[in-house]
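Spelled out from the first residue to the last, the chains are:
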Amino acid sequence: MTGPRTGDRDRSPETATRRRVLAVTGSGGLTGVFGSNAGAIETRDGDARVAQADAGGDGPVAERPLFDAHTHLIPHETLGREPLSAEGLLSWMDEHGIDRAVVHALDSPESYPVQAPSWWVLDQVAAAPDRLIPFCSVDPRTVVYGEETVSNLLEGYIERGARGFGELKPGLPIDDRRLETIYECCAEYDLPVLCHLDDKALLDAVGLPGFEDVLASYPGVDFIAHAHFWWAHISADVTVADRGRYPDSSVEPGGRVPELLGAYDNVYGDLSAGSGWNALTRDPAYAQAFLETHYERLIWGSDYLAPGQTVPQTTMFERFDLDVEAWAAIRARTLERVLR
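To start, this report covers the structure provided alongside it.

Reading guide: rules and limits
In this convention, every chain numbers its residues from 1, walking through the sequence in written order. Restriction of local features to residues with pLDDT of at least 70 applies here, the model being predicted, together with a cutoff of 80 or more for giving and counting side-chain atom pairs; totals for whole chains, interfaces and linings are based on all residues. As a rule here, side-chain values come from all non-hydrogen atoms in the structure, and water together with hydrogens is ignored. Numbered from the N terminus, helices here are DSSP runs of H or I no shorter than four residues, and strands are runs of E no shorter than two. The cut-offs for exposure are 20% and 50% of the maximum accessible area for each residue type, with area from a 1.4 Å probe on protein chains only; residues under the lower value are buried, those over the upper are exposed, and the others partly exposed. Residue contacts are defined here by distance: any two heavy atoms, one from each residue, within 4.5 Å place the two residues in contact. The axes used here are C-alpha line fits, helices contributing only the stretch in contact, and every angle between their N-to-C directions lies in the interval 0 to 180 degrees. An angle counts as roughly parallel when it lies under 35 degrees, as roughly antiparallel when it exceeds 145, as roughly perpendicular when it falls between 65 and 115, and as oblique in every other case. Classes in brief: Ala, Val, Leu, Ile, Met, Phe, Trp, Tyr, Cys and Pro nonpolar; Asp, Glu, Lys and Arg charged; the others, Gly included, polar. By definition, two strands form a pair when at least two bridges between them are found by DSSP. Salt bridges are defined as contacts in which a side-chain nitrogen from Lys or Arg sits within 4 Å of a carboxyl oxygen from Asp or Glu. If the strands point away from the viewer and the path from the first strand over the helix to the second runs clockwise, then the crossover is right-handed. The disulfide criterion is simple: two cysteine sulfur atoms within 2.5 Å. Handedness of a crossing follows from how the near helix is turned relative to the far one, being left-handed for an anticlockwise turn of less than a right angle and right-handed for a clockwise one.

Quick notes on the overall build of the chain
Then step 1. A tally of regular secondary structure across the chain gives 13 helices and 10 strands.
Then step 2. Burial analysis of the chain (340 residues in total) assigns 58% to the buried set.
Then step 3. Partitioning the contacts of the chain with sequence separation of at least 6, the portion at a separation of at least 24 is 76%.

Things to note about the packing of helix α9 (residues 256–263) against helix α11 (residues 284–294)
Then step 1. Where α9 contacts α11, the axes come no closer than 11 Å and their chain directions differ by 10°. Judged by the angle between their axes, α9 and α11 are roughly parallel. From α9, V257, P258 and L261 reach across to α11, where they touch Y286, F290 and H294.
Then step 2. Looking at the contact of α9 with α11, its residues break down into 5 nonpolar, 1 polar and no charged.

Section: the sheet that holds strand β3 (residues 67–72)
Sheet strands pair via backbone hydrogen bonds, and the direction of the pair is either parallel or antiparallel.
Then step 1. One open sheet accounts for 3 strands, arranged β3-β4-β5; its pairing is parallel. A strand with exactly one partner marks an edge of an open sheet, and here the two such strands are β3 and β5 (132–134). This sheet shows a mean twist of 30° between the axes of neighbouring strands, independent of strand direction.
Then step 2. As judged from the 3 bridges shared by strand β4 (residues 100–104) and β5, these two strands associate in the parallel manner. Following the sheet pairing, A101 is matched in β5 by L132.
Then step 3. The sheet strands contacting helix α3 (residues 86–95) are β3, β4 and β5, and the helix crosses β5 at an angle near 125°.
Then step 4. Sitting on the sheet, helix α13 (residues 324–339) is in contact with β3 and β4, with an inclination near 70° to β3.

Regarding the pattern of salt bridges
Then step 1. Under the counting rule described, the total for this entry stands at 12 salt bridges.
Then step 2. Residue E180 pairs with R177 through a salt bridge whose shortest N-O separation is 3.2 Å. Here R177 and E180 lie together in helix α6 (residues 177–189), a separation of 3 residues that amounts to about one turn.
Then step 3. The class of E180 is buried, set by a relative accessible area of 4%.

A short note on the sheet that holds strand β7 (residues 193–196)
Then step 1. Strand order in this open sheet of 5 strands is β6-β7-β8-β9-β10, and the pairing throughout is parallel. Unpaired on one side and paired on the other, β6 (165–168) and β10 (298–299) mark the two borders of the sheet.
Then step 2. As paired strands, β6 and β7 are joined by 2 bridges and run parallel to one another. Residue L168 lies in a different strand from β7, and its bridge partner there is C195.

Things to note about the pairing of β4
Then step 1. The element β4 is extensively covered by neighbouring structure, given that 5 of its 5 residues are classed as buried.
Then step 2. What you see with β4 is no split at all: R100, V102 and H104 on one side and A101 and V103 on the other are buried throughout.
Then step 3. Pairing between β3 and β4: 4 bridges, direction parallel. Within β4, the residue paired with F67 across the bridge is R100.
Then step 4. Once the chain exits β3 it traverses α3 before rejoining the sheet at β4, and the crossover so formed is right-handed.
Then step 5. Crossover handedness for the path β4 to helix α4 (residues 118–125) to β5: right-handed.

As for the state of the cysteines
Then step 1. Taken as a whole, this structure holds 0 disulfides when the rule is applied.
Then step 2. There is no disulfide at C186, and the cysteine sulfur nearest it, in C185, is 7.0 Å away.

What to know about the packing of helix α5 (residues 147–159) against α6
Then step 1. The N-to-C vectors of α5 and α6 enclose an angle of 40°; their axes lie 10 Å apart at closest approach. It follows that α5 is oblique to α6 by the angle criterion. For the pair α5 and α6, the sense of crossing is right-handed. Note on element contacts: α6 touches α5 through T181, I182, C185, E188 and Y189, opposite E147, V150, S151, L154, E155 and I158.
Then step 2. Broken down by class, the residue content of the contact of α5 with α6 amounts to 6 nonpolar, 2 polar and 3 charged.

Focus on unusual backbone geometry
Then step 1. Cis geometry is adopted by the peptide bond preceding E167, which originates at G166 and carries an omega value of 5°.
Then step 2. Positioned with a positive phi, L79 is a non-glycine residue whose angle comes to about 55°.
Then step 3. Turning to its location among the elements, L79 is positioned in the loop between β3 and α3.
Then step 4. According to the relative accessible area criterion, L79 is exposed, its value standing at 59%.
Then step 5. Even without being glycine, A273 reaches a positive phi, approximately 70°.
Then step 6. Summarising the element assignment, A273 is placed in helix α10 (residues 273–281).
Then step 7. Residue class for A273 comes out buried when judged on its relative accessible area of 17%.

Here it is, written out as structure tokens:
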């Protein structure tokens, strides 16, 4: 990448103050998301499920808070899938014991056949601000109208309650110059970014050199990585073809995913969708060790976007053997930390 670098994790007081002002003027503000006591996690019926979520404890895993990092709302039928409303999403969450969910916007044409623009997502989630946490996005090609246009759009979304940037899914290289404007803005407004890497979006070479350059260039931005090409790199034997498929071979140690999780404190793994599930099930023994080692950098999610969708991630708490502290991090605590 070329050009200026921002995003030092020692964020300036001016930037931090601006972000706090924007956050509290949005729909619900930080209190609407986390409650006035940041240690108390609110459940669907408003009762405290765990009084001190960050304190650990010996309670059953199923009683720990569950925060879905990756859901969508879809306005129209497409690909043979029915639309998904906020009411439908909340009903599915109730069925599966999910307390809260991040809802991602889909603003780029490559992201989905039917777009779910940020302004629409913000409208839809307004009825349930304690449970549905909106992210926003801006297609980086909007920079054709100037960087200030992108910044103004994001500021407006933040004022309405957006808590992060996602889903970032344009058909551009991940280190494209136009994306630098997005990364700079996310550093300025302290927005985590959920990014989708595959054969259509956020393109990169084998080994993820472009993504590593982004991580190193913007250390003040938390990146939540998702999709085929990211999770293919849990193994060392990645090929270009893995950009758009789910590898079924055993994991070869030395993959870039564990390497990047160990080397950078601003990258996290989103376990949602078929890509995340494939990473955990193609080699269960490796996955067990991977979860034990990196649980503080892994975030539970579903990528739920259509009524009746099968989400195998709901079974992972019985499939793998982790202590309660590790599950608490994966289920909610790490995502909460990223959003604070």
